[in-house]
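Here's the letter readout for the chains.
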Amino acid sequence: MTYGGYADRHQHPQAPPGFGPPIPVPPSYGQPPPQQPAYGPPPAAYGPPQQTATGPEFVAHDRHNSVIVDAAGVALEIQGHTLEFPWSAIATVHFAPGPFATVLMVAVTHAGGMLYECRIAARKQAVLQQWLAELGPVLHHYLANPNRPPAW
């Protein structure tokens, strides 16, 4: 074999052309690591399990975008990018049917004044009407809650 017009003099005699000598592998390679002793009780034993807030949820999605409204806040996923807004950072949330009556438009107004919009395509008008009927009461539950932390 040649390299830059010169014969390659570093070939292993039993290897096919273009391959060098075998690379030595350390003896510990591929073996599981030694077991470490466990110190203290497992993390679950330090206290009662964390209670997550419960409440109504709303989920709508298509192939590219999604909207999730739950006790934690509102999450918008737009083309693989996720925006999560806790209720304390949300001034208001708007929603409406979009063009051609098969698109749900959801807009989150951040407490700082920025507006973030997501559009979810429904396959049928009946699905869009169901989303519109479900989303209103869920948003009202969280936005009208007197215990909701104030927006910044």
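Here the structure is a predicted model, which is why all the values come from computation and not from measurement.

(A) A look at the pattern of salt bridges. Counted under the stated rule, the structure contains 1 salt bridge. Glu117 is paired through a salt bridge with Arg119; the nearest N and O atoms lie 3.0 Å apart. Residue class for Glu117 comes out partly exposed when judged on its relative accessible area of 39%. The exposure class assigned to Arg119 is partly exposed, which follows from its relative accessible area of 41%.

(B) A look at the sheet that holds strand S3 (residues 58-61). Pairing is antiparallel in the open sheet, where 4 strands are placed in the order S3-S4-S5-S6. Each edge of the sheet is formed by a strand with only one pairing partner; in this case those strands are S3 and strand S6 (81-86). This sheet shows a mean twist of 5° between the axes of neighbouring strands, independent of strand direction. Summarising the sheet, strand S5 (residues 73-78) and S6 pair through 6 bridges and their orientation is antiparallel. Its bridge partner lying in S6, Leu76 is registered against Leu83.

(C) The arrangement of the sheet that holds strand S8 (residues 103-110) in detail. Strands sit in the order S7-S8-S9 across an open sheet of 3 strands; the sheet is antiparallel. Here the strands that pair on one side only, and so sit at the sheet edges, are strand S7 (90-97) and strand S9 (115-121). With direction set aside, neighbouring strand axes in the sheet form an average angle of 15°. Alignment of S8 against S9, held across 7 bridges, turns out to be antiparallel. When the bridges of S9 are listed, Met105 appears paired with Arg119.

(D) Local environment of the packing of aromatic side chains. Applying the stated criterion across every chain, the model contains 2 aromatic pairs. For the ring pair Phe85 and Tyr116, a centre distance of 5.1 Å and an interplane angle of 40° mean the geometry is tilted. Of the two residues, Phe85 is situated in strand S6 and Tyr116 in strand S9; the sequence distance between them amounts to 31 residues. Here the aromatic rings of Trp87 and Tyr142 are separated by 5.1 Å at their centres, their planes lie at 20°, and the arrangement is stacked. Of this pair, Trp87 sits in the loop between S6 and S7 while Tyr142 is found in helix H1 (residues 125-143), placing the two residues 55 residues apart along the sequence. Given the relative accessible area of 6%, Trp87 is considered buried. Residue Tyr142 is classed as buried on the basis of its relative accessible area of 7%.

(E) Main features of the pairing of S5. Summarising the sheet, strand S4 (residues 65-70) and S5 pair through 6 bridges and their orientation is antiparallel. When the sheet's bridge partners are listed, Asp70 is paired in S5 with Gly73. Hairpin connection between S4 and S5: a loop of 2 residues separates the two successive antiparallel strands. Linking S5 to S6, which pair antiparallel, is a turn of 2 residues; within it Gln79 sits at a positive phi near 50°.

(F) Up close: the pairing of S7. Two elements, S7 and S8, share 7 bridges in a ladder whose sense is antiparallel. Its bridge partner being in S8, Ile90 is matched across the sheet by His110.

Conventions we followed
- Residues numbered from 1 in each chain as written.
- Predicted model: local features only at pLDDT ≥ 70, side-chain atom pairs only at ≥ 80, totals over all residues.
- Heavy atoms only, no water.
- Salt bridge = Lys/Arg side-chain N within 4 Å of Asp/Glu carboxyl O.
- Buried < 20%, exposed > 50% of the residue type's maximum accessible area, 1.4 Å probe, protein only.
- Pairing = 2+ DSSP bridges.
- Helix = DSSP H or I, 4+ residues; strand = E, 2+ residues; numbered from the N terminus.
- Axes fitted to C-alpha atoms, helices over the stretch in contact; angles between N-to-C directions.
- Phe/Tyr/Trp six-rings, centres within 6.5 Å; stacked < 30°, edge-to-face > 60°.

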